[in-house]
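# Structural overview for review
Below are the chains, spelled out letter by letter.
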Amino acid sequence: MKKGRVFSGARPTGQQHIGNYLGAIQNYVALQDEYECVYCIVDIHALTTLDDTHLLQANIREMALDWLAAGIDPERSIMFVQSHVPEITELFTYMGMITPMGWLTRVPTFKEKVRMHPDNVNYGLLGYPVLMASDIILYKADTVPVGEDQLPHLELTREIVRRFTSIFGEVFPEPKAKLTEIPLIIGLDGANKMSKSLDNQIDIAATPEETIKRVSTAYTDPTRIRRSDPGHPDTCNVYTLHGAFTKIIAPDKYAPIEEACKKAEVGCVACKKLLGESINEYLRPFREKRAEITGRKSYLEEVLADGARRASAIAKETLHEVKEKMGLA
Ligand code: SF4
């Protein structure tokens with residue numbers, strides 16, 4: 001017996017990096033054991049900023065392949081692309097009618113995006129929390145995995161549900177947060193959260209050679225100028241990453257790193273090479289599976305079409321109820 005229905009969506013950002021993998025994706029995979037999961041690649045959300053729309057299809061494909069190879073099971077979970085179920089835009093319109101403007105203009109991410117894209121402050125940008133709420137409630141999800149920082153967004157969804165219920169009656173469950181501790185993975189620059197836009201990431205689908213090369217560019221302890229200088233692993237992101245990979249894959253090799261660094265018995269070049277090897281070993285099953293499913297002709301298209309079919313069946317039922325309540329049917 002499953003605990004309930006989870007919904008989570010992510011913008012199509014193409015190949016995923018180890019920050020995405022250790023944070024969201026592994027969590028997605030684990031949730032499948034306890035919940036009925038609906039995982040959506042939210043391509044319509046990607047249009048709010050109109051960045052790189054010519055790459056959208058390729059980005060959807062790469063991201064979906066990464067999700068499947070990482071263990072999202074299309075038999076157990078519904079995995080689909082947001083725009084493949086057009087009922088979402090209809091529900092978005094209806095929810096727009098009950099959402100006060102003031103709720104949207106106070107959203108901090110709206111203010112931030114206005115600052116970042118002053119030349120494209122569009123209606124979609126203002127309304128994106130309504131679209132996000134519609135994503136969740138169209139599939140009657142009762143649970144949404146979120147990090148602490150996303151709680152205000154989910155609260156807005158809950159407010160929209162409460163408002164709908166108070167005006168028209170009950171259709172949607174009020175979704176609750178499943179607080180998820182998402183580890184903060186710092187990128188190769190040693191300073192910022194791993195992110196494609198900062199070009200400080202390690203893609204999970206990179207080749208072993210690319211991975212080793214990429215890791216070799218990582219910033220280390222800045223106080224360690226010469227090989228003979230003692231290092232400070234506690235301030236070195238390479239050491240932190242060893243904790244996520246070498247510690248799991250080769251604990252015997254992980255254990256001596258701290259001391260060896262502090263006593264200058266290991267150089268940063270060798271230390272980073274070991275990290276690259278650990279990442280490669282850790283991701284080997286993922287990469288093998290990705291190569292296998294990439295080679296299966298039309299497999300991905302079939303998975304996404306099946307996901308859209310199953311999502312659409314739920315969406316149609318929900319919309320029917322909504323239209324009845326709102327006097328449209
Ligand atoms: Fe960082 Fe490793 Fe260099 Fe120490 S030896 S500073 S842990 S890269």
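Residues numbered from 1 in each chain as written. Predicted model: local features only at pLDDT ≥ 70, side-chain atom pairs only at ≥ 80, totals over all residues. Heavy atoms only, no water.

This next bit is on the overall build of the protein chain. Helix and strand counts for the protein chain come out as 14 helices and five strands. For 329 residues, the compact-globule estimate of 2.2 N^0.38 gives 20 Å, and the C-alpha radius of gyration of the protein chain, at 22 Å, lies within 12% of that figure. Judged by the C-alpha coordinates and their principal axes, the protein chain covers about 75 × 45 × 40 Å. For the protein chain, with 329 residues in total, the buried portion stands at 49%. By element, 55% of the accessible surface of the protein chain is carried by carbon and sulfur atoms, the whole surface being about 16300 Å². Between the mean site of the 40 positive side-chain charges and the mean site of the 45 negative ones, the protein chain shows a separation of 1 Å. (Helix = DSSP H or I, 4+ residues; strand = E, 2+ residues; numbered from the N terminus. Rg over C-alpha atoms; globule rule 2.2 N^0.38 Å. Buried < 20%, exposed > 50% of the residue type's maximum accessible area, 1.4 Å probe, protein only. Areas by Shrake-Rupley, 256 points an atom, 1.4 Å probe, with all protein chains shown as cover. Lys, Arg positive; Asp, Glu negative; His and termini not counted. Charge placed at Lys NZ, Arg CZ, Asp CG, Glu CD.)

With burial as the criterion, each face of strand S3 (residues 78-81) is covered, one bearing Ile-78 and Phe-80 and the other bearing Met-79 and Val-81. Bridge count for strand S2 (residues 36-41) against S3 is four bridges, and the pairing is parallel. Each residue of the ladder has a partner; that of Tyr-39, found in S3, is Met-79. (Pairing = 2+ DSSP bridges.)

What follows concerns the site of the ligand. Near the ligand you find Thr-220, Asp-221, Arg-224, Cys-236, Val-238, Tyr-239, Cys-261, Val-266, Cys-268 and Cys-271, and these make up its full shell. Listing elements by their share of the shell around the ligand, those giving two or more residues are helix H9 (237-244) and helix H13 (268-295). (Near = heavy atom within 4 Å.)

If you walk through the whole model with that rule in mind, you get 25 salt bridges. Within this structure, Glu-155, Arg-158, Arg-162 and Glu-174 form a network of salt bridges that share partners. (Salt bridge = Lys/Arg side-chain N within 4 Å of Asp/Glu carboxyl O.)

Attention now moves to helix H6 (residues 123-138). Look at H6: 21 Å from first C-alpha to last across 16 residues, which is about the 22 Å you get at 1.5 Å a residue. In terms of burial, H6 is a largely internal element, 13 of the 16 residues being buried. A side-chain oxygen of the first residue of H6 lies 3.0 Å from the backbone nitrogen of Gly-124; this N-cap is Asn-122. Following H6 by one or two positions, Lys-140 has its phi on the positive side, about 50°. (Expected span 1.5 Å × (residues − 1). Polar contact = N/O pair within 3.5 Å; in protein donor to acceptor, adjacent residues only side chain to side chain.)

For the pair H9 and H13, interaxial distance at closest approach is 10 Å and the crossing angle is 30°. With respect to their mutual orientation, H9 and H13 come out roughly parallel. Our pair here, H9 against H13, has a crossing hand that is left-handed. Each of Val-238, Leu-241, His-242 and Ala-244 in H9 lies in contact with H13, whose residues at this interface are Cys-271, Lys-272, Leu-274, Leu-275 and Tyr-282. Residues that form the contact of H9 with H13 fall into these classes: seven nonpolar, one polar and one charged. (Axes fitted to C-alpha atoms, helices over the stretch in contact; angles between N-to-C directions. Parallel < 35°, antiparallel > 145°, perpendicular 65-115°, else oblique. Left-handed = near helix turned anticlockwise from the far one by under 90°. Contact = heavy atoms within 4.5 Å. Nonpolar A, V, L, I, M, F, W, Y, C, P; charged D, E, K, R; others polar.)

Attention now goes to the packing of aromatic side chains. For any pair of aromatic rings, the description consists of the separation of the ring centres together with the inter-plane angle of the planes. Inspection of every chain in the model, using the stated rule, returns eleven aromatic pairs. When the ring of Phe-164 is compared with that of Phe-168, the centres are 5.1 Å apart and the planes differ by 45°; the resulting orientation is tilted. Of this pair, Phe-164 and Phe-168 both sit in helix H7 (residues 151-168), separated by four residues, roughly a single helical turn. Judged by its relative accessible area of 0%, Phe-164 is buried. Among the residues examined, Phe-168 registers a relative accessible area of 25% and is labelled partly exposed. An angle of 15° between the planes, with centres 5.8 Å apart, marks the rings of Tyr-239 and Tyr-254 as stacked. Placement of Tyr-239 in helix H9 and of Tyr-254 in helix H11 (residues 251-254) is noted, with a sequence separation of 15 residues between them. Accessibility classification places Tyr-239 together with Tyr-254 in one group, the buried group. The structure contains a cluster of three or more aromatic residues connected by ring pairs, namely Tyr-21, Phe-245, Tyr-282 and Phe-286. The ring of Trp-103 carries the charged tip of Arg-163 above its face, separated from the ring centre by 6.0 Å. (Phe/Tyr/Trp six-rings, centres within 6.5 Å; stacked < 30°, edge-to-face > 60°. Lys NZ or Arg CZ within 6 Å of the ring centre and 35° of its normal.)

Next up on the list: the domain arrangement of the protein chain. You can read the domains of the protein chain as domain 1 (5-185 + 297-326) and domain 2 (208-291). On a C-alpha basis, the centres of domain 1 and domain 2 stand 35 Å from each other. Each partner contributes residues to the interface: domain 1 has twelve residues there, and domain 2 has nine residues. For the domain 1 and domain 2 pair, buried surface summed over both sides reaches about 880 Å², with 66% attributable to carbon and sulfur atoms. (Domains from an automatic or database assignment. Buried area = accessible area lost by both parts, 1.4 Å probe.)

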